[in-house]
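Architecture and fold: a report
Residues per chain are reported as follows:
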Amino acid sequence: MTNELPVQKNETITATIEDLTHEGAGVAKVDGYTLFVPNTLPGETAEIKVIKTKKGYGFGRLLNVIEESADRVEPPCPIYKLCGGCQLQHMSYSGQKKYKHKQVIEALSRLGGLADVTVHPTLGMDDPWHYRNKAQVPIGTKPDGHLKAGFYQQRSHRIMDMDACIIQQESNDQAVQTVKNIADELGITSYNEDKHRGTLRHVVARYAQTTGQLMIVLITKDETLSHKKKLIEKIRAEIPDTVSIIHNINPKRTNVIFGDKTNVLWGEEYIYDHIGDISFAISARSFYQVNPDQTKVLYDKALEYADLKGHETVVDAYCGIGTISLFLAQKAQHVHGVDIVPEAIADAKRNARLNQFENVTFAVGEAEEVVPWWAKANGLRPDVMVVDPPRKGCDNKLLDMMLETRPERIVYVSCNPATLARDLKYLTESGAYQVNEVQPVDMFPQTTHVECVSQIILVK
């Protein structure tokens, strides 16, 4: 009996790619042994160098594509293979949408036991580039002493100097590079994470697509920011769309971008954007969807699945700054939004006032505790419940609360097909609910991420 693997480290092999992982790596099989190979596509025959082996699987590096997939395209980004921010630029956009559709179907079937659920084709973009409305770019120093701005090389903390990211709004790219050049000219130092010295850690640019307003956020190690007056003057002169310049201080040794203290250096605390007919005030740290065009598609689908007639009481269990809540309030009798982040609820209340909605109520807390309290205190019983949880999905306590309160419809907005499948299985196995349909929406073209909206109906 031998434990020898069918492939060895540093060996060069030829194999056929059979599938893609949820991270976008190709899957090859060699005598039943699995190799994960980035930058490959299903159906391709490729020459691969084995770079790492484990007992049950290994990793390979693509050397040469012998037989190409019909979906293979040339990645337009010059640093695509180094960056890692995108995983699918080498795949046609039609191929990306099919891949994401398949990903959702497989998760529902394999993890949720929901093979018979209708999963519609992925709703994509006409132009799947330059869509991100927020850029968070680390600042470093080049060997010649000048500043550089760029994302980290994958699996490292080495900053790649770059001029543009082709999934970012062009206004953000230009703003980040201009701020970097101004800071360089004024002699402002970059932060060195190894030595925990220096000043400028990140430049963040937020762009409001419908108003054209731009917010610049300078994140520094401490409150000292030299040449502050000159810096503000130059940013205003060279980036005329800027309406807000913010200073955030992050003194910690951490990978977290923002610190706890934020000051307005010049202009407004907020920029304003619109999704459909709803206006939103966006602060430096507000959560706001990064793809405004697809956010409208996503929220319209959520509103369609809520199927509101005007008399319903709705609970939005992860309401954030009120984006979905206010969409729902256009059609509902009353919407109750809940979130555990106090700053998000403050923003949600501000956005409700901004849009003159009086049929919304927001509260800080966990929905599984707040909603039963509302039920006990005010006799609240939701007709519709909307959940848009983080990647880890819903807590079982929240799922149990939904099973107890029995809303007629649940609209589940998900950014993770695996946890969506798990939670849908939990709800349907109770016998109380069935999944009516699922709609994938491509919020992040060129990446492996996919959002879904699911309609869940009370059956007993």
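Per chain, residue numbering runs from 1 following the sequence as it is written. A pLDDT threshold of at least 70 governs which residues receive local features in this predicted model, and a stricter bar of 80 or more applies before side-chain atom pairs are shown or counted, although totals over entire chains, interfaces and linings include all residues. Hydrogen atoms and water are omitted, and side-chain values are computed over all heavy atoms in the structure.

**Some points on the sheet that holds strand 11 (residues 242-249)**
The mixed open sheet is built from six strands, whose spatial order is 8-7-9-10-11-12. Looking along the sheet, the strands with just one partner apiece sit at the ends: strand 8 (147-149) and strand 12 (261-267). Here the strands of the sheet are splayed against their neighbours by 25° on average, with no regard to which way each runs. Strands are treated as partners if at least two bridges between them are detected by DSSP. Each helix is a run of H or I in the DSSP string that is no shorter than four residues. Each strand is a run of E no shorter than two, and both are numbered from the N terminus. Note that strand 7 (residues 134-141) and strand 8 share three bridges and pair antiparallel. When the sheet's bridge partners are listed, Ile-139 is paired in strand 8 with Ala-149. When checking whether two residues touch, look at their non-hydrogen atoms; a contact exists if any pair is within 4.5 Å. The axes used here are C-alpha line fits, helices contributing only the stretch in contact, and every angle between their N-to-C directions lies in the interval 0 to 180 degrees. Taken strand by strand, helix 3 (residues 170-185) contacts strand 7, strand 8, strand 9 (200-207) and strand 10 (214-220), and its axis lies near 145° from that of strand 9.

**Description of the nonpolar core**
To define a nonpolar core, start from buried Ala, Val, Leu, Ile, Met, Phe, Trp, Tyr and Cys residues and group those joined through side-chain atoms within 4.5 Å. With a 1.4 Å probe rolled over the protein chains alone, any residue whose accessible area is under 20% of its type maximum counts as buried; one over 50% counts as exposed, and the rest are partly exposed. Ranked by size, the top nonpolar core spans 86 residues in total, and within it Ile-216, Leu-218 and Leu-328 carry the most contacts. If we ignore the near neighbours within four places in the chain, the residues touching Leu-218 are Val-179, Leu-200, His-202, Val-203, Leu-225, Leu-231, Ile-245, Ile-246, His-247, Asn-248 and Leu-265. Core analysis: the next-biggest nonpolar cluster, separate from the first, contains 37 residues, Leu-108, Val-119, Tyr-412 and Ala-432 among them.

**Details of the sheet that holds strand 17 (residues 360-364)**
If you walk across this open sheet you meet the eight strands as 6-20-21-19-18-15-16-17, and the pairing is mixed. In this open sheet, the two edge strands, each paired with only one partner strand, are strand 6 (118-119) and strand 17. Strand direction decides the pairing type here: strand 15 (residues 313-316) and strand 18 (residues 384-387), joined by three bridges, are parallel. By the bridge assignment, Val-314 is partnered in strand 18 with Val-384. Contacting strand 16 (334-339) and strand 17, helix 7 (residues 342-354) runs over the sheet at an angle of about 165° to strand 17. Set on the sheet, helix 9 (residues 396-405) makes contact with strand 18, strand 19 (409-414) and strand 20 (433-441); between it and strand 18 the angle comes to about 165°.

**Points about helix 8 (residues 367-378)**
Here the expected length of a helix is defined as 1.5 Å per residue gap, with one fewer gap than residues. A rise of 1.5 Å per residue sets the reference length of helix 8, with its twelve residues, at 16 Å; its end C-alpha atoms lie 15 Å apart and thus fit the reference within 8%. For helix 8, every residue scored as buried is listed here: Ala-367, Glu-368, Val-370, Val-371 and Trp-374. Tucked into the core, helix 8 has its buried residues touching strand 15, strand 16, strand 17 and helix 9. Just downstream of helix 8 lies Gly-379, where phi reads positive at about 70°.

**Observations regarding the packing of aromatic side chains**
Any two of the Phe, Tyr and Trp rings considered here, Trp counted by its six-membered ring, make a pair once their centres fall within 6.5 Å; the pair's planes then place it as stacked at under 30 degrees, edge-to-face at over 60, or tilted in between. Scanning the model with the defined rule gives five aromatic pairs in all. Pairing Phe-280 with Tyr-288 gives two aromatic rings, centres 6.0 Å apart and planes at 55°, and the pair type is tilted. A single burial state applies to Phe-280 and to Tyr-288, both of which are buried. Both rings, one in Tyr-299 and one in Phe-327, keep their centres 5.4 Å apart while their planes meet at 70°; by these two values the pair is edge-to-face.

**Quick word on the pattern of salt bridges**
Side-chain pairs of opposite charge can arise whenever the charged atoms involved come near each other. What makes a salt bridge here is a side-chain nitrogen of Lys or Arg within 4 Å of a carboxyl oxygen of Asp or Glu, nothing more. In the structure shown here, the tally under the stated rule is 16 salt bridges. For Asp-19, the salt bridge identified is with Lys-102, shortest N-O distance 3.0 Å. Residue Asp-19 is located in strand 1 (residues 12-20), and its partner Lys-102 is located in helix 2 (residues 93-112); the two are separated by 83 residues in the primary sequence. One salt bridge in this structure joins Glu-312 and Arg-409, with 4.0 Å as the shortest N-O distance. A residue pair is termed long-range when its members are at least 10 positions apart, and Glu-312 in the loop between helix 5 (292-306) and strand 15 and Arg-409 in strand 19 qualify at 97 residues. For Arg-409, a relative accessible area of 15% puts it in the buried group. Linked through salt bridges whose partners overlap, the residues forming this network are Asp-19, Lys-102 and Glu-106.

**What about the packing of helix 3 against helix 4 (residues 228-238)?**
Where helix 3 contacts helix 4, the axes come no closer than 10 Å and their chain directions differ by 145°. Judged by the twist between their axes, the crossing of helix 3 over helix 4 is right-handed. Here helix 3 contributes Thr-178, Val-179, Ile-182 and Glu-185 to the contact with helix 4, which in turn contributes Leu-231, Lys-234, Ile-235 and Glu-238. Grouping the amino acids of the contact of helix 3 with helix 4 by side-chain chemistry returns four nonpolar, one polar and three charged. Crossing handedness is read from the near helix: turned anticlockwise from the far helix by less than a right angle, it gives a left-handed crossing, and turned clockwise, a right-handed one. Any residue that is not Ala, Val, Leu, Ile, Met, Phe, Trp, Tyr, Cys, Pro, Asp, Glu, Lys or Arg is counted as polar, Gly included; the first ten are nonpolar and the last four charged.

**Here's the deal with empty space enclosed by the protein**
Each cavity reported here is a set of points on a 1 Å grid over the protein atoms alone in which a 1.4 Å probe fits but cannot get out, each pocket an open set with protein on both sides within 12 Å along at least five of seven lines, and each lining residue one with an atom within 4 Å of a point. Grid points are joined across faces, edges and corners, and a volume is the space filled by probe spheres set on the points. Under the counting rule described, the total for this entry stands at one cavity of 30 Å³ or more. Considered as a void within the structure, the largest cavity measures approximately 50 Å³ in volume. Those elements that provide at least two residues to the lining of the largest cavity are strand 7 and helix 3. Broken down by element, the lining of the largest cavity gets its largest block of residues, four residues, from helix 3. Here the residues of the lining of the largest cavity are counted per class, giving six nonpolar, three polar and two charged.

**Describing the pairing of strand 5 (residues 57-67)**
Two elements, strand 3 (residues 33-37) and strand 5, share three bridges in a ladder whose sense is parallel. Looking at strand 5, one finds that Thr-34 is bridged to Tyr-57. Pairing between strand 4 (residues 45-53) and strand 5: eight bridges, direction antiparallel. Bridge assignment links Ile-48 to a residue of strand 5, and that residue is Leu-62. Connecting strand 4 to the next strand, strand 5, in antiparallel fashion are three residues.

**Some points on the layout of surface pockets**
There is about 790 Å³ of room inside the second largest pocket. Together, 24 residues line the second largest pocket, and Pro-38, Asn-39, Lys-81, Gln-154 and Arg-155 are the ones closest to its centre. Secondary-structure elements contributing two or more residues to the lining of the second largest pocket are strand 5 and helix 1 (80-83). Looking at which element gives the most residues to the lining of the second largest pocket, the answer is strand 5, with four residues.

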